[in-house]
Amino acid sequence: MSRDSMDMTDRRTLLKLTGGAGLVSLAGCLSTTDDGDDGSDGDDGSDGDDGSDGDDGSDGDDSTETYEIGMVDSQTGSLSSFGERNQRGVELALQHVNDIGIGGRELEISVEDSESENQGGIAAAQKLVNQDGVPFLIGAVGSGVSLAIYESVVEGSDVVQLSQNSTGLELTNFPGLLRMSPSGLSQANALADLIAEDGYDEVALTYVNNDYGQSLADAFVDAWEGDLAYENSHDGDQSSYSGVISEMDSSDAEAWLFITYQAEFATMVNEVFSSGYEAQFYGADSVSGDDVLENTPEGSMNGMKIVVPSAPVEEENYQSFASAFEDEYDRTPTSWAAYAYDCVINAALAIQAADEFTGEALQDTVRRVSGPDGEEVTSFEAASEILVDGGGPDDVDYQGVSGPIDFDENGDPIGFLQVQEVQDHDYEGIDFIEG
């Protein structure tokens, strides 16, 4: 769906949760800070030396004010299925934050649509940063979109940018751009090892022609010690990929690797199936999802193996998150929802630990509240208690539901990967890898 076909109220979505009551408004809602300022109404958000004295700028009559941050998400376009998952994680995180509060205030997130495109992401970020004055920006989904936002809007400013879903290798070269999901480098290495361990010595590779596809394909080629029988890119949003599929089949490679998005991959699967071609499928993270299952015939992908970023699902804090998520949405969370959840929790803790509600102050605390020096905690409530009791950002080590959030010097976290196999037209986890 294009912007022209959207109701204008969808252009600015304001997520606001009050206590544990749930989602109050998703569109067209005005808040106490919806006036284009930095969300602090002239107050710096703290009265204490470290912003953790339990006051945090509430000051009696100001207790109804909110902290407003921004988020660029894919609400429309080719990555909108990821955006939908993100919003569930965001809503749940806001509920958990606002059940406790940040020194008597609530957290709000103003969401703008990137339309899954670089220019759309830049326009969305410009709205949030330059007009709304948010000091903290979550975004975006596509690696190219995240980079475009950083280079065009964020770089050179004090605004914190924390990407929820970008795995492209290029982000590692921009240490000021943080991300919650791991780099695709570990994913590329895992795919090369997996295909070799399955006994294949040659592979046919196709990848989507953008930063995400190119960087991950390059990393795979570097890691792959066998032969490349076919290697070619494809454009996104095409109605047919019969030429690509025919060339992969003509390569005589028995293993085919797809680095692309759900819509494109579903089209490819249907064309492979209708043509009667046979191969062992492998895929990177973004070919896995309900959109693929719903738009391909049963039996068309049996035995396919996919390497995806994963949360540490055996950890107690993840299981608590998953239980709350299932109660709220009647479905199992994806790793993408877990990354979005942790982005919100990390932002809330950075705000509570900061001396003031400014980008400069948040730049100082955003890494420290989840760094390895502090006391390990697995919830916003437990971390907030440390700050309220007089602790500073280095006294907290928030362990996310998506895994440890120890940002390295490049802004990358430790990554966990899951190997999935398509069985009976569904994804089943068969192995875990720590990247």
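Figured I'd write up the structure that's included with this text. (Residues numbered from 1 in each chain as written. Predicted model: local features only at pLDDT ≥ 70, side-chain atom pairs only at ≥ 80, totals over all residues. Heavy atoms only, no water.)

A separate point is the packing of helix α1 (residues 80–100) against helix α12 (residues 380–388). Put simply, α1 and α12 touch, their axes get as near as 10 Å, and they point 35° apart. Seen along the crossing, α1 lies across α12 with a hand that is right-handed. Every residue of α12 that contacts α1 at His96, Val97 and Ile100 is listed here: Phe380, Glu381 and Ser384. Of the residues assigned to the contact of α1 with α12, the class counts are 3 nonpolar, 2 polar and 1 charged. (Axes fitted to C-alpha atoms, helices over the stretch in contact; angles between N-to-C directions. Helix = DSSP H or I, 4+ residues; strand = E, 2+ residues; numbered from the N terminus. Left-handed = near helix turned anticlockwise from the far one by under 90°. Contact = heavy atoms within 4.5 Å. Nonpolar A, V, L, I, M, F, W, Y, C, P; charged D, E, K, R; others polar.)

A cluster of acidic side chains, namely Asp290, Asp291, Glu294, Glu298, Asp424, Asp426 and Glu428, defines a negative patch on the protein surface. No other element matches the 3 residues that helix α8 (residues 290–294) contributes to the negative patch. Tracing the backbone through its elements, the reader meets Glu294 in helix α8. (Patch = residues over 30% accessible without salt bridge, like charges linked within 9 Å, V, L, I, M, F, W, Y side chains within 5 Å. Areas by Shrake-Rupley, 256 points an atom, 1.4 Å probe, with all protein chains shown as cover. Salt bridge = Lys/Arg side-chain N within 4 Å of Asp/Glu carboxyl O. Lys, Arg positive; Asp, Glu negative; His and termini not counted. Charge placed at Lys NZ, Arg CZ, Asp CG, Glu CD.)

Along the chain, Ser114 turns up in the loop between β4 (106–113) and α2 (118–131). According to the relative accessible area criterion, Ser114 is buried, its value standing at 1%. A polar side-chain atom of Ser114 sits 3.0 Å from the main-chain amide nitrogen of Ser116. (Buried < 20%, exposed > 50% of the residue type's maximum accessible area, 1.4 Å probe, protein only. Polar contact = N/O pair within 3.5 Å; in protein donor to acceptor, adjacent residues only side chain to side chain.)

This part is about unusual backbone geometry. In the segment running from Gly139 into Ala140, the intervening peptide bond is cis, with an omega of 15°. Structurally, the position occupied by Ala140 is in the loop between β5 (136–138) and α3 (143–154). Its identity as a non-glycine residue notwithstanding, Glu115 has a phi of 60°, on the positive side. Here Glu115 lies in the loop between β4 and α2. Positive phi outside glycine occurs at Asp252, with the angle close to 70°.

Turning to the side chain of Thr167, a few remarks are in order. Along the polypeptide, Thr167 turns up in the loop between β6 (160–163) and β7 (177–179). The exposure class assigned to Thr167 is buried, which follows from its relative accessible area of 3%. Those residues within four positions of Thr167 in sequence are excluded, and the remaining contacts are Ser143, Arg179, Ser181, Pro182, Ser183, Gly184, Tyr212, Asp285, Pro309 and Trp336.

Spatial relationships are all this shows, so hold off on functional conclusions.
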